[in-house]
Amino acid sequence: IRAMAASQEGLVYRWPRVVFLDVDGVLNHPAHWERQRLREDIGQPSKPLRQCDSACVERVLRLCYETGAKLVVSSTHRHPYLSETRRTFERYGFPPALIVSATPLLDVPSRPDDPTSTLRRGATRGQEIRAWLLSNPNAQRRFAILDDGTDMGELMPYLVLVDSAVGLTDGDCALAVELLEDRN
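Model, not experiment: these values are computed from the prediction.

Trainee: I'd like a rundown of the overall build of the chain, residues and numbers included.
Mentor: Scanning the chain for helices and strands turns up six helices and seven strands. Counting over 184 residues, the chain shows a buried share of 40%. Summarising the internal contacts of the chain: among those between residues at least 6 apart in sequence, 66% fall at separations of at least 24. Carbon and sulfur atoms form 54% of the exposed surface of the chain, whose accessible area is close to 10,500 Å².

Written out as structure tokens, the structure is:
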């Protein structure tokens, strides 16, 4: 065991390609909710906890399988514990092993100019993704963000802005593939 540990000393784990995944507006959207409501109106109940559009889920799965990407959940649907997040996303149709992490839940000062202020507010999605990237420096060059929000700050070049009215499209996935390609 010591010999194995010594031979691996100094090795740096290289994250695979990473997709930061939002849920609301990306995997579910008004047209999907309307279809769910219509099914229930004609006596075909929707599956419990299956609030994501299966076509959008399939697109994300195809994107991950084609690029070798893993998912980091950046949505408010994440939990403080990764195992809980994996269970939730398994209900949406994702294999648990595909979910490798979730962005941290951060609070930032409401008044950054006043260090004594105790008022806090939630961080932006971009700040939470940036914090994750700082904790995982080997992933910083191979990632895409699938989100319907634009609060990404300096990470805007990595954003695939999804139209929340229709959810994730094949065109969105094509843009994500471009972002996930190897960069020098």
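Back to the write-up after that little detour.
Trainee: Can you tell me about the pattern of salt bridges, naming the residues and giving the values?
Mentor: The tally for this structure, following the rule as stated, stands at five salt bridges. Here Arg125 and Asp22 are joined by a salt bridge, their closest N and O atoms 3.1 Å apart. Of this pair, Arg125 sits in helix H5 (residues 125-135) while Asp22 is found in the loop between strand S1 (18-21) and helix H2 (30-41), placing the two residues 103 residues apart along the sequence. Here Arg130 and Glu154 are joined by a salt bridge, their closest N and O atoms 2.9 Å apart. Of this pair, Arg130 sits in helix H5 while Glu154 sits in the loop between strand S6 (143-147) and strand S7 (159-161); the two residues are 24 residues apart in sequence, bridging distant segments of the chain. The exposure class assigned to Arg130 is partly exposed, which follows from its relative accessible area of 27%. Each of Asp22, Arg125 and Asp147 takes part in salt bridges that share partners, so that together they form one network.

Trainee: Just give me the short version of the environment of Glu58, but keep the residues and values in it.
Mentor: Note on placement: Glu58 falls in helix H3 (residues 54-67). Remark: the alpha-carbon pair of Glu58 and Leu168, spanning 110 residues in sequence, is separated by 9.9 Å.

Trainee: Describe the packing of H3 against helix H6 (residues 170-180), listing the residues and the values that go with them.
Mentor: For any two helices packed against each other, one specifies the inter-axial angle together with the distance between the axes. It is at 10 Å that the axes of H3 and H6 come closest, and there the two elements cross at 25°. As the angle between them shows, H3 and H6 are arranged roughly parallel. The handedness of the crossing between H3 and H6 comes out as right-handed. Contact residues: Arg59, Arg62, Leu63 and Thr67 in H3; Asp170, Cys173, Ala176, Val177 and Leu180 in H6. Taken together, the residues of the contact of H3 with H6 break down into five nonpolar, one polar and three charged.

Trainee: Would you mind going over H3 in detail, with residue names and values included?
Mentor: With 14 residues, H3 ought to run about 20 Å at 1.5 Å a step, and its terminal C-alpha atoms sit 20 Å apart, in line with that. Check the buried side of H3 and you find it contacts S1, strand S2 (70-73), helix H4 (82-92), S6 and H6. Of the residues flanking the start of H3, the one acting as N-cap is Asp53, its side-chain oxygen 2.9 Å from the backbone nitrogen of Ala55. Directly beyond the C-terminal end of H3, a positive phi value near 80° is found at Gly68.

Trainee: So what's going on with H4? Residues and values would help.
Mentor: Considered for burial, the residues of H4 that qualify are Thr85, Thr88, Phe89 and Tyr92. The buried residues of H4 occupy an angular sector of 95° when projected down its axis, which confines them to one face. Where H4 is buried, its residues meet S1, H3, S2 and strand S3 (99-102). Note on H4: the residue one or two positions beyond its end, Gly93, has a positive phi of about 115°.

Rules used throughout
- Residues numbered from 1 in each chain as written.
- Predicted model: local features only at pLDDT ≥ 70, side-chain atom pairs only at ≥ 80, totals over all residues.
- Heavy atoms only, no water.
- Helix = DSSP H or I, 4+ residues; strand = E, 2+ residues; numbered from the N terminus.
- Buried < 20%, exposed > 50% of the residue type's maximum accessible area, 1.4 Å probe, protein only.
- Contact = heavy atoms within 4.5 Å.
- Areas by Shrake-Rupley, 256 points an atom, 1.4 Å probe, with all protein chains shown as cover.
- Salt bridge = Lys/Arg side-chain N within 4 Å of Asp/Glu carboxyl O.
- Axes fitted to C-alpha atoms, helices over the stretch in contact; angles between N-to-C directions.
- Parallel < 35°, antiparallel > 145°, perpendicular 65-115°, else oblique.
- Left-handed = near helix turned anticlockwise from the far one by under 90°.
- Nonpolar A, V, L, I, M, F, W, Y, C, P; charged D, E, K, R; others polar.
- Expected span 1.5 Å × (residues − 1).
- Polar contact = N/O pair within 3.5 Å; in protein donor to acceptor, adjacent residues only side chain to side chain.
- Arc of directions from axis to C-beta.

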